[in-house]
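Now for the letters of each chain:
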Amino acid sequence: MTVETSPPRRARRLVSVSPSVLGLTPFALYVLLFLAIPTVLAVLSGLFDAQGHFTLANVAALFAPDILKTFASSFWVSAVTAVVGAVVGALVCYALLGMNPQGALRSMVDSAASVLAQFGGVMLAFAFIATIGIQGFVTVFLRGLGIDIFSNGVWLYQVPGLLLPYIYFQVPLMIITFMPALEGLKPQWAEANATLGGTRLTYWVRIAGPVLAPSFLGSLLLLFANAFSSYATAAALISQGAQIVPLQIRAALISETVLGRSNMAGALALGMIVIMVVLMWGYSALQSRTTRWQQ
């Protein structure tokens, strides 16, 4: 007489979990190939020299005046475009709040924001060159009126010239990320404020403002990180010099040495990774706080 035994409990648990694990496999491979491995290689290349010996010379070079100036340029471009994009985008979201969510205008703005937030790189650089470049049609038109926008230098192909293209995609990104928070405001809060004798200013300062602050700051950090890590638009506009960190990394990759140190690109990437991790941690913390009142 044989006694049939059921499979161990652990085996049954693995069998029941395996479909969900298989479903996450493509995403896990994507993260491994395009995020984890490049990050590890960047960190390791910054901590080792060309002969494979451990060194902190590359990390110490991050505090060199030229490198600090490059980081400062990236910081102020990212900060200015993030603040302008966040404020303008929040105002657009406030205007959209009074529209019919199913209306044609609202749908058109939402679709345009989704497309323009991803419209960057060489295409965006070409659009600005064709529009306000040295021979752009707006530049030529204004020149015919006696207005020379480049009278003090061709700023479009320098760091200040990155402000307009970056703001171009920062505003739509803010609309996408901040609009759900505005839509999450409950009408009962405004009604309670009016019932208690509060004004519209009181509602926005004491109720809606504190509630929206974490989401606004989180979106601001996201915009800063987006501008700080942008490369293709700057590479297409700025052909001379390495005035921001991504372009400095490019210069380190295509040259044998930077400031007399090999593997400098890895150290620069390590510096960017540290900054991005701090920004994303702050964004995650603010978003988790925002979801508390959205539930």
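Computed from a predicted model, the values in this text were never measured in an experiment.

Visitor: Quick question: what am I supposed to make of the packing of aromatic side chains here?
Guide: Two aromatic rings are characterised by how far apart their centres lie and by the angle between their planes. Inspection of the entire model under this criterion finds 11 aromatic pairs. With a centroid separation of 5.8 Å and an interplanar angle of 80°, the aromatic rings of Phe178 and Phe216 are classed as edge-to-face. Placement of Phe178 in helix α7 (residues 163-183) and of Phe216 in helix α9 (residues 200-228) is noted, with a sequence separation of 38 residues between them. On the basis of relative accessibility, which here comes to 5%, the residue Phe178 falls in the buried class.

Visitor: Honestly, the nonpolar core in this entry has me stumped. Any pointers?
Guide: Note that soluble globular proteins tend to have their nonpolar side chains buried in a common cluster. In terms of nonpolar packing, the biggest core is built from 42 residues, with Phe71, Phe178 and Met264 touching the most fellow members. Mapped onto this core, the elements with two or more residues apiece are α3 (65-97), α7, α9, α11 (245-254) and α12 (264-294). Among the elements that take part in this core, α7 stands out by supplying 9 residues, more than any other. When residues no more than four places from it in sequence are discounted, the contact partners of Phe178 are Ala90, Cys93, Leu212, Ser215, Phe216 and Ser219. Counting residues in hydrophobic clusters, the runner-up holds 19 residues, among them Phe128, Leu156, Ala227 and Ala234.

Visitor: Sorry if this is basic, but what is going on with the environment of Arg289 here?
Guide: Take Arg289: it is sitting in helix α12. Arg289 sits 75 residues away from Pro214 along the chain, and the two C-alpha atoms are 6.8 Å apart.

Calculation rules
As a convention, each chain's residues are numbered from 1 in the sequence order in which they are written. Side-chain atom pairs in this predicted model are given and counted only at pLDDT of 80 or more, local residue features only at pLDDT of at least 70, and totals for whole chains, interfaces and linings cover all residues. The basis for every side-chain value is the complete set of heavy atoms in the structure, and neither hydrogens nor water enter the calculation. Stacked, edge-to-face and tilted labels apply to pairs of Phe, Tyr and Trp rings (six-membered ring for Trp) whose centres lie within 6.5 Å, assigned for plane angles under 30 degrees, over 60, and everything in between, in that order. Secondary structure elements follow DSSP: runs of H or I of four or more residues count as helices, runs of E of two or more count as strands, with numbering from the N terminus. Three labels apply to residues, based on accessible area from a 1.4 Å probe with only protein chains included: buried if under 20% of the type maximum, exposed if over 50%, partly exposed otherwise in between. For the purposes of this section, nonpolar cores are sets of buried Ala, Val, Leu, Ile, Met, Phe, Trp, Tyr and Cys residues that join through side-chain atoms within 4.5 Å. Contacts are assigned to residue pairs with any non-hydrogen atoms lying within 4.5 Å of each other.

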